[in-house]
Amino acid sequence: NLADANGHEVRLWSRHGSQTLETVLKDVQIVLSAISMTGVRDVAFQVNSFSLSPETIFITATKGLDPQTTCTPSQIWQTIFPNHAVVVLSGPNLSQEIQMQLPAATVVASNISTAAEVVQLVFSSHRFRVYTNPDPLGVELGGTLKNVIAIAAGVCDGLQLGTNAKAALVTRGLTEIIRVGNDWGAKTETFYGLSGLGDLLATCNSPLSRNYQVGYQLAGGKTLREILTNLQGTAEGVNTCQVLIQRAKQQNIAVPITEQVYHLLQGEITPRQALDELMLRDIKPEYNY
Ligand SMILES: NC(=O)C1=CN([C@@H]2O[C@H](COP(=O)(O)OP(=O)(O)OC[C@H]3O[C@@H](n4cnc5c(N)ncnc54)[C@H](O)[C@@H]3O)[C@@H](O)[C@H]2O)C=CC1
Ligand SMILES: O=C(CO)COP(=O)(O)O
């Protein structure tokens, strides 16, 4: 509806709607995918079976990781469409607030700067400020990895651990995200921007975040199954956490908060035990300069 308000013709497709994907995609200039991670590969393959102009730009807004390959959504789109521009759109963008037309900012990132600039123009308005960025991987990983920390933040608030604990958790969570992101090839500065720290702050502090809700309700004693059954929409952090643990092990990266979230989601420990595990780790310098 942001693009619509800027005078663009917008067509929507959902697997539950009546129109076929092929009809909706006929003669389009831009394709924006906001499918949950589990559907990205299937839908991208479907799209690839239709004839699209080589100028068509793909935008991906999905915040997840592929369990089989650990690939990001943009890597999946780019592999299937090697000759098209792919733009990552990510930022502190809780959808209910955007629908209420509250002001927000976001980031559009691509290896092809002209494509990012086109997308920036399509969505920019007095209530939605869009920045370009040349580090699509960093932008995408910021939006994806913060979901795991948002689960931990929900636990922290659910247990009423206080503002100091929350600040420590979010800050050390960012350190963890940067460690993983740097190893993957993303730039540190990107994680201090809107798509990293910005989105981390939004999701770790808002009951509108599904990932935060998962953590909050786990702290309240519900099981993951109960929570997911009643949750409106996708909490990508649940699957992302598993993939992240797998990748961190492979790459030998320390991700202590993610590890505790993982054990908690598996039902192996209680929220209080997760807290104790984190607080009683070996003492160490804040950074290894
Ligand atoms: N880039 C950004 O700033 C933001 C991105 N997100 C991300 O966008 C994605 C979607 O979020 P929401 O719309 O809130 O989730 P949602 O759960 O409300 O919607 C997911 C959509 O994906 C569709 N879907 C799932 N599997 C599919 C399949 N196999 N084939 C076709 N369609 C399929 C569902 O039908 C549904 O329409 C998530 O990855 C979320 O993390 C969410 C908020 C902001
Ligand atoms: O990514 C989001 C906001 O930027 C949405 O967060 P949730 O997926 O946790 O609701």
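Residues numbered from 1 in each chain as written. Chains lettered and ligands numbered in written order. Predicted model: local features only at pLDDT ≥ 70, side-chain atom pairs only at ≥ 80, totals over all residues. Heavy atoms only, no water.

Novice: Tell me about the packing of helix α8 (residues 163-184) against helix α14 (residues 256-265), and please be specific about residues and values.
Specialist: Two elements in contact, α8 and α14, have axes whose closest approach is 8 Å; the angle formed by their N-to-C orientations is 105°. Compared by their axis directions, α8 and α14 come out roughly perpendicular. Residue-level contacts link Leu169, Arg172, Gly173, Glu176 and Arg179 of α8 to Pro256, Ile257 and Thr258 of α14. (Axes fitted to C-alpha atoms, helices over the stretch in contact; angles between N-to-C directions. Helix = DSSP H or I, 4+ residues; strand = E, 2+ residues; numbered from the N terminus. Parallel < 35°, antiparallel > 145°, perpendicular 65-115°, else oblique. Contact = heavy atoms within 4.5 Å.)

Novice: Account for the packing of helix α13 (residues 237-251) against α14, naming residues and giving values.
Specialist: Put simply, α13 and α14 touch, their axes get as near as 10 Å, and they point 125° apart. For the element pair α13 / α14, the angle class is oblique. Crossing hand, α13 versus α14: left-handed. Residues Val238, Cys241, Gln242, Leu244 and Ile245 of α13 touch α14, and the partners they reach there are Thr258, Glu259, Val261, Tyr262 and Leu265. (Left-handed = near helix turned anticlockwise from the far one by under 90°.)

Novice: An account of the site of ligand 1 is needed here, citing residue identities and associated values.
Specialist: Not every one of the 18 residues close to ligand 1 is listed here, only the nearest: Arg15, Ala61, Leu89, Thr234 and Glu236. In this structure, Arg15 approaches ligand 1 through a side-chain N or O atom, which is 2.9 Å from an oxygen atom. Between ligand 1 and Ser36, the relevant distance is 3.2 Å, taken from an oxygen atom to a main-chain nitrogen or oxygen of the residue. Within the complex, 75% of the 850 Å² of free accessible area of ligand 1 lies under protein. Those elements that provide at least two residues to the shell around ligand 1 are α3 (37-48) and β3 (86-90). (Near = heavy atom within 4 Å. Polar contact = N/O pair within 3.5 Å; in protein donor to acceptor, adjacent residues only side chain to side chain. Areas by Shrake-Rupley, 256 points an atom, 1.4 Å probe, with all protein chains shown as cover.)

Novice: So what about the UniProt feature "active site" (unreviewed entry) in the protein? Which residues, and what values?
Specialist: Under the feature "active site" (unreviewed entry), the UniProt entry names Lys146. Within the secondary structure, Lys146 sits in helix α7 (residues 136-158). Each residue touching Lys146, except ones within four places of it in the same chain, is listed here: Lys63, Leu141, Ile177, Asp199, Leu200 and Thr203. Within the local environment of Lys146, its side chain forms a polar contact with the side chain of Asn147, the two groups lying 2.5 Å apart. (UniProt positions renumbered as here; feature names shortened; annotations may be inferred.)

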